[in-house]
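Per-entry structural report
Here is what each chain is made of, one letter per residue.
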Amino acid sequence: MCGILGLLTTTGAQPPFETFLAALDRLKLRGPDDSGTWREDGLLLGHRRLSIVDLSPTGHQPMESSDRRFVIVFNGEIYNHAELRPCLSPQNGWRSTSDTETLIEAYRAWGVGCLERINGMFAFAIWDRMERTLFVARDRIGVKPLYYSNGNGQFGFASRPGALNMLLGGGLIIDPEALRVYLEIGYIPAPLSFHRDMRKLPAGHYLIVSARGVRRVRYWDFRAIKPDPSMNSRPEGELVEELDALIYSAVKARLMSDVPLGAFLSGGVDSALVVAAMKSAGVEHPKTFTIAFKEKGFDEGPAAARAAEHLGVDHVHETLDVNSLLDLLPTYIQEYDEPFADSSAFPTMAVTRLARRHVKVALSGDGADEFFGGYHYYPLMDRLAPLLAWRTGSKGAARQLLKSLPWHRTKLLAGALQSQNTVALFHFLRSVGKDYPTLLNRDILQSTANSETWFDQFATSFPMDLSAAETAMRLDAGLTLPDLFLQKVDVSTMAFSLEARCPMTDYRLVEWAMRLPMQFKVRNGETKYLLKKVLSRYLPADCVYRPKMGFAVPLAKWLRGPLRHWAEELIHDDTLMSRLPLDKARVREVLRQHSDGDRESHPLLWSVLMLLCFVQTHGARRALPVMAYREVA
Amino acid sequence: MAAPRVAPRLLFLFTEVCANGGIQRFNQTILDSCGRLGIQCQVLSLNDSPASIAKTLTPDNSSIVGFSGDRRRFAIAVAGALLRGRYDRVFIGHINFLLLTIGILALQPFNRAPTMLVAHGIEVWSGIGRARSYALSRVTGILCVSNYTRRRILEQAPALIADRLIRFPNALADTWGHVVAAPSTPSLAAHFILSVTRLDRGDRYKGIATVIEAFSMLADDSMHYLVVGHGNDLSFLQLVAERYGVKDRVHFMSGVSDSELIALYQQCQAFVLPSGKEGFGIVFLEAMFFGAPVIAAREKGAVDVVRDGDTGLSVRFGDTIAIKEAIERIVSDTRLREHVCANGRALVTEGGPFTFAGFTRRCAQTFEVGETIVA
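What counts and how
- Residues numbered from 1 in each chain as written.
- Chains lettered and ligands numbered in written order.
- Predicted model: local features only at pLDDT ≥ 70, side-chain atom pairs only at ≥ 80, totals over all residues.
- Helix = DSSP H or I, 4+ residues; strand = E, 2+ residues; numbered from the N terminus.
- Rg over C-alpha atoms; globule rule 2.2 N^0.38 Å.
- Buried ≥ 20, exposed ≤ 12 C-beta atoms within 10 Å, placed from the backbone.
- Contact = placed C-beta atoms within 7 Å.
- Pairing = 2+ DSSP bridges.
- Domains from an automatic or database assignment.
- Nonpolar A, V, L, I, M, F, W, Y, C, P; charged D, E, K, R; others polar.
- Core = buried A, V, L, I, M, F, W, Y, C linked by C-beta atoms within 7 Å.
- Right-handed = clockwise from strand over helix to strand, strands pointing away.
- Arc of directions from axis to C-beta.
- Expected span 1.5 Å × (residues − 1).
- Axes fitted to C-alpha atoms, helices over the stretch in contact; angles between N-to-C directions.
- pLDDT = per-residue confidence, 0-100.
- Parallel < 35°, antiparallel > 145°, perpendicular 65-115°, else oblique.
- Left-handed = near helix turned anticlockwise from the far one by under 90°.

Let us look at the overall build of chain A. The secondary structure content of chain A amounts to 27 helices and 17 strands. Here the C-alpha atoms of chain A give a radius of gyration of 24 Å, agreeing with the 26 Å that 2.2 N^0.38 yields for 633 residues. C-alpha extents for chain A along the principal axes are approximately 75 × 60 × 50 Å. Buried residues in chain A amount to 52% of all 633 residues. Expressed as a percentage of contacts within chain A between residues at least 6 apart in sequence, the contacts between residues at least 24 apart total 73%.

Turning our attention to the overall build of chain B. Check the secondary structure of chain B and you find 14 helices and 13 strands. Across its three principal directions, the C-alpha atoms of chain B cover 70 × 45 × 40 Å. Burial analysis of chain B (375 residues in total) assigns 50% to the buried set. Taking all contacts inside chain B whose residues are at least 6 apart in sequence as the whole, residues at least 24 apart take part in 68%.

A few words on the sheet that holds strand β10 (residues 199-200) of chain A. Residues and elements named next belong to chain A. Spatially, β2-β3-β1-β9-β8-β10 is the arrangement adopted by the 6 strands of the open sheet, whose pairing is antiparallel. Each edge of the open sheet is held by one strand with a lone partner, namely β2 (34-40) and β10. Both strand β1 (residues 3-9) and strand β9 (residues 154-158) contribute to a ladder of 5 bridges, which runs antiparallel. Residue pairing in the sheet places Leu8 in a bridge with Phe155 of β9.

Between chain A and chain B, the contact holds 17 residues from the first and 20 residues from the second. Elements with a minimum of two residues in the side of chain A that touches chain B: β12 (213-218) and α18 (451-459) of chain A.

Right, let's get into the domain arrangement of chain A. All names here are of chain A. On domain assignment, one finds that chain A holds domain 1 (3-218), domain 2 (229-373 + 482-544), domain 3 (378-467) and domain 4 (555-621). When each unit is reduced to the centre of its C-alpha atoms, the spacing between domain 3 and domain 4 is 26 Å. Residue-level contacts link 8 residues of domain 3 with 8 residues of domain 4. Its residues assigned to classes, the side of domain 3 that touches domain 4 comprises 5 nonpolar, 3 polar and no charged.

Counting residues in each nonpolar core, the largest one holds 317 residues, and the members touching the most others are Phe124 and Val136 of chain A together with Ile212 and Ile295 of chain B. Counting residues per element, this core draws most heavily on helix α19 (residues 468-494) of chain A, which supplies 14 residues.

Residues and elements named next belong to chain A. In this structure, strand β13 (residues 261-264) lies alongside strand β16 (residues 361-363), joined through 3 bridges in parallel fashion. Each bridged residue has a counterpart across the sheet, and for Ala263 the counterpart in β16 is Leu363. Note: β13 against strand β14 (residues 287-293), 3 bridges, orientation parallel. Following the sheet pairing, Gly262 is matched in β14 by Lys287. As for the winding sense of the linkage, the β-α-β connection from β13 through helix α8 (residues 269-280) to β14 is right-handed.

All names here are of chain B. Most of strand β5 (residues 115-119) sits out of view: 5 of its 5 residues are buried. The alternating pattern of β5 places Thr115, Leu117 and Ala119 on one face and Met116 and Val118 on the opposite face, and all of these are buried. Where strand β4 (residues 89-92) lies against β5, 3 bridges are found, and the strand directions are parallel. Pairing of Val90 across the sheet is with Thr115, part of β5. As defined by bridge partners, β5 adjoins strand β6 (residues 141-144) across 4 bridges and the pair is classed as parallel. Its bridge partner being in β6, Leu117 is matched across the sheet by Ile142.

A word on unusual backbone geometry. All names here are of chain A. In this model, Gln61 is joined to Pro62 through a cis peptide bond whose omega is 0°. Looking at the element boundaries, Pro62 is found in the loop between β3 (43-49) and β4 (63-64). Backbone geometry places Lys528, a non-glycine residue, at a positive phi of 45°. Position of Lys528 relative to the elements: it lies in the loop between α20 (507-515) and α21 (529-535).

Residue and element names in this part refer to chain B. Residue placement: Thr366 occurs in helix α14 (residues 356-366). Under the C-beta neighbour-count criterion, Thr366 is labelled partly exposed, with 18 such atoms within 10 Å. For the pair Thr366 and Ile166, spaced 200 residues apart in the sequence, the C-alpha separation amounts to 9.1 Å. Non-local contacts of Thr366, meaning those with residues more than four positions away in its chain, are made with Gly141, Leu143 and Ile166.

Attention now moves to helix α9 (residues 234-243) of chain B. Given 3.6 residues to a turn, an α-helix orients residues that are three or four positions apart in the same direction. Among the residues of α9 of chain B, Phe236, Leu237, Val240, Ala241 and Arg243 of chain B are the ones counted as buried. Considered in projection along α9 of chain B, the buried side chains sweep an arc of 165° and stay on one side of the axis. Each element contacted by the buried residues of α9 of chain B is listed here: α18 of chain A together with α8 (208-216) and β10 (250-253) of chain B. Looking one or two residues beyond α9 of chain B, the residue adopting positive phi is Gly245 of chain B, at roughly 75°.

Moving on, we come to helix α1 (residues 22-37) of chain B. Residue and element names in this part refer to chain B. Here α1 contains 16 residues, and its C-alpha end-to-end distance of 23 Å stays within 8% of the 22 Å for a straight helix at 1.5 Å per residue. With 15 of 16 residues buried, α1 lies mostly within the body of the structure. Downstream of α1 by a residue or two, Gly38 has a phi angle that is positive, lying close to 75°.

Our focus in this paragraph is the sheet that holds strand β17 (residues 499-501) of chain A. All names here are of chain A. Strand order across the open sheet formed by 5 strands is β15-β14-β13-β16-β17, with parallel pairing between neighbours. Edge positions in the sheet fall to β15 (314-320) and β17, since each of these pairs with one other strand and no more. Along the sheet, successive strands turn relative to each other by an average axial angle of 30°, direction set aside. Pairing of β16 with β17 involves 3 bridges; the strand directions are parallel.

This next bit is on the environment of His317 of chain A. All names here are of chain A. By the secondary structure assignment, His317 is in strand β15. Judged by C-beta crowding, with 19 C-beta atoms within 10 Å, His317 ranks as partly exposed. Sequence separation between His317 and Phe289 is 28 residues, and the spatial gap between their C-alpha atoms is 5.6 Å. Setting aside residues no more than four positions away along its own chain, His317 makes contact with Thr290, Ala292, Gly301, Ala304 and Ala305.

Let's shift gears to the domain arrangement of chain B. In terms of domains, chain B is made up of domain 1 (9-171 + 355-373) and domain 2 (176-348). Breaking the side of domain 1 of chain B that touches domain 2 of chain B down by element, the ones donating at least two residues are α1 and α7 (147-156) of chain B.

When pLDDT is averaged across chain A, the result is 91; 96% of the residues are at 70 or more. Scored below 50 in pLDDT, residues 620-633 of chain A shows 33 contacts in the model against residues more than four places distant or in partner chains.

This part covers the confidence of the model for chain B. Residues and elements named next belong to chain B. Across chain B, the average pLDDT comes to 90, with 95% of residues at or above 70. Contacts for the low-pLDDT stretch residues 371-375, under 50 throughout, to residues beyond four places or in other chains number 11 contacts. The complex prediction reports pTM at 0.92, with the ipTM value standing at 0.93.

Our focus in this paragraph is the packing of helix α14 (residues 392-404) of chain A against helix α15 (residues 408-416) of chain A. All names here are of chain A. Between α14 and α15, the shortest axis-to-axis distance is 7 Å and the interhelical angle comes to 155°. Accordingly, the angle class assigned to the pair α14 and α15 is roughly antiparallel. α14 and α15 meet at a crossing whose hand is left-handed. Residues Arg399, Leu402 and Lys403 of α14 form the contact with α15, whose participating residues are Thr410, Lys411, Leu413 and Ala414. Residues that form the contact of α14 with α15 fall into these classes: 3 nonpolar, 1 polar and 3 charged.

Written out as structure tokens, the structure reads:
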């Protein structure tokens, strides 16, 4: 993991170099081992390095190509770089064993086509000194982040929005659509960013920046891959074998490291599979890490310990009081420099903190749920989808009936029945703040589109006749995974200068998963059907077939207990609230209802609180936080 | 000496005739063909209104009665017509009328006219069910507009006799040969790609949003994208164009006349409609006839018309990268462009499989009218 930063100025003045260095310094935790800058006419490049491969100074960045035409800043890892080297011929031979050098030589040889050949997690920028163009790319799945800004004769980019914002002069102009979408689903899907003049480069895309402007191009896309019906007739054992081999290959590729490496191990299927593959790949006693909680409802410690025992790994665990996670709140607020409302960031940060005491790289199982059908709402989607085809009158009557019942779940079902199609149903199930519109200023509601339109737009490339669950999985894989879960992994691990690698996001595995018919993902309500079959090769059934727990924290209780006072202070801070287009009275009412136990509103409240913290942080650093609204036709 | 031929009388049950759309165009073409063959056509059309019928030029030997969407009146009229039994053939223009027709005909055990069904696209690709399968077994012939449609029906109703499913592709309407292109296209940029389609929420399978994304990735920023059509999804597509930063170069046009449309076909760099569910894709034939290179999706009925690298370029549905590359290829490779345009046009000009004359010959064979009648 590293941090990159750059600014290309075509007209106008560049900021002082000190500002550039200060912005680069904001990425220090991403790369504490080394830093470097590159200055030439109109261009500034900066790099913070976390040394993982080739620890010597020859891996220093920014790095020039062998012919000195190109200069690169690169964040990430190219797992197949050793395989690519024999196909490349740098002038005067290789200077290092670094994957950065391989990448820049690959670009020198193949241009944009290098993206088709590399397998890795990355965000990088390459400056062509001859053509005076900047090539900026992000990996296929979106493991590594990249933000950019274009306007006023300047193109800037950075690994994090905070650094880029500082480089561009600070100030906070909130994108109203991002605000709306954030309150609705708890994260901000690319290309939206919370800053109005900033964009997040979507996964699988590159940018070409030249005097003619900025062009954004998609170079890889899983959306249109059709499920392959011929796989239905293949023996299940053959598919298990094939999947096992793919996971093995993805994990083995990610063992490339010159520093100690381990893995996160929860009690779940995905991380256990990763660890099992590490063993198969020859890591005799991989170090694995788990956070256990004293409170039973949140504790996956015993399950992880059992898996570790069966797999024969060097297991490290730390038992915490769940409330002690609150010690991480300042880190959470500091490091998420874009509002982020997934409270599972707490345990992720805790396990990262633990792992970092022992290793510099950790493998994680992230991505398996989205590609192999892990979430509880996938089977639910398929069960609810037939109801959407009911006639309007029947649906209306059913909704009225369900709404009149006293249970929360029936009210939710009534809401779900309002959906017109499977994308809308997914949107309903996935949204965290179902009553968010009551909080937002009416102008914003009228002038912006909601998050469902982003889902709709993404789904236009899906194959015809996908099941509802398959539709949901692809939406999660393309939007929720990169912009929520992988963002959480990136920021949480970055906060402790640990590099996380996610083998389940290997593009070969993803393409295979897209072809895999649904019956091998969710069958009779059983999620991750085929993945569990693979894991059964390594672990006994009671370790494999156990309820999914996830990284939950008792947020609802926290907001009534230890965080109540903090939440009240934030929400009753008139100055702070006035910086956001929220209905103050309504927000306070939601907090009161939650505090008094009248209703459970913790997901929405947490979103609002993270938003307030974000604005507060910016307000403290910047003189004039301003609200502005973008016109949306 | 042969006895003088008596022109047959056919009853057509159509959803609609006097509008634009694939099924409507097919219905118009079959009536035009029947006109050439001297067949007397009585048409009962569910969705046409007397006003729309009055505005439409129909052959002299066709009589159309429209029911403005009134299903009850339509059903009564169909029952009356079938029970009177004065027709040599009954032609069911949509599978939704199949059960009604077969049910009514069951009430008339004698002098029952042979019945034919035309199977277009989406509506027969799934959900045929038992009742319809039975009804399908009662019709004399099923005219399938594409190989895909024929295959899907047989997959769902394997008991059907395969020979009764006749491949009966659509054809370019005769009228197109007589329309003159507008002298100048309506306020156009010089350089553009074109789509012509409905823009309803339910028609997202047409792939217009995917073309917008592909278009936004093109290096040539002088290129424009024209979408001819209207529907309730327009605001969504405009939002998509805005999000991809190309709203100034994506133009939605409706109310385009036939002569303007011809000019658009003739001047576009490519006709792009990567639709995922095209029953046949008559619009591809129109584009080909007027010399536009066609880019389609390798899906369903479109594959009968657009063969990759031969009569056009075909891409995987939803694959925006492939659409972008196909546009770039067709624009930059003059030889490829000329090749696919020539082969595409050959499909719809004399001797090609999708000409009006060929369609009329198929009608003559199907309705057992001597070919000598064909004009």
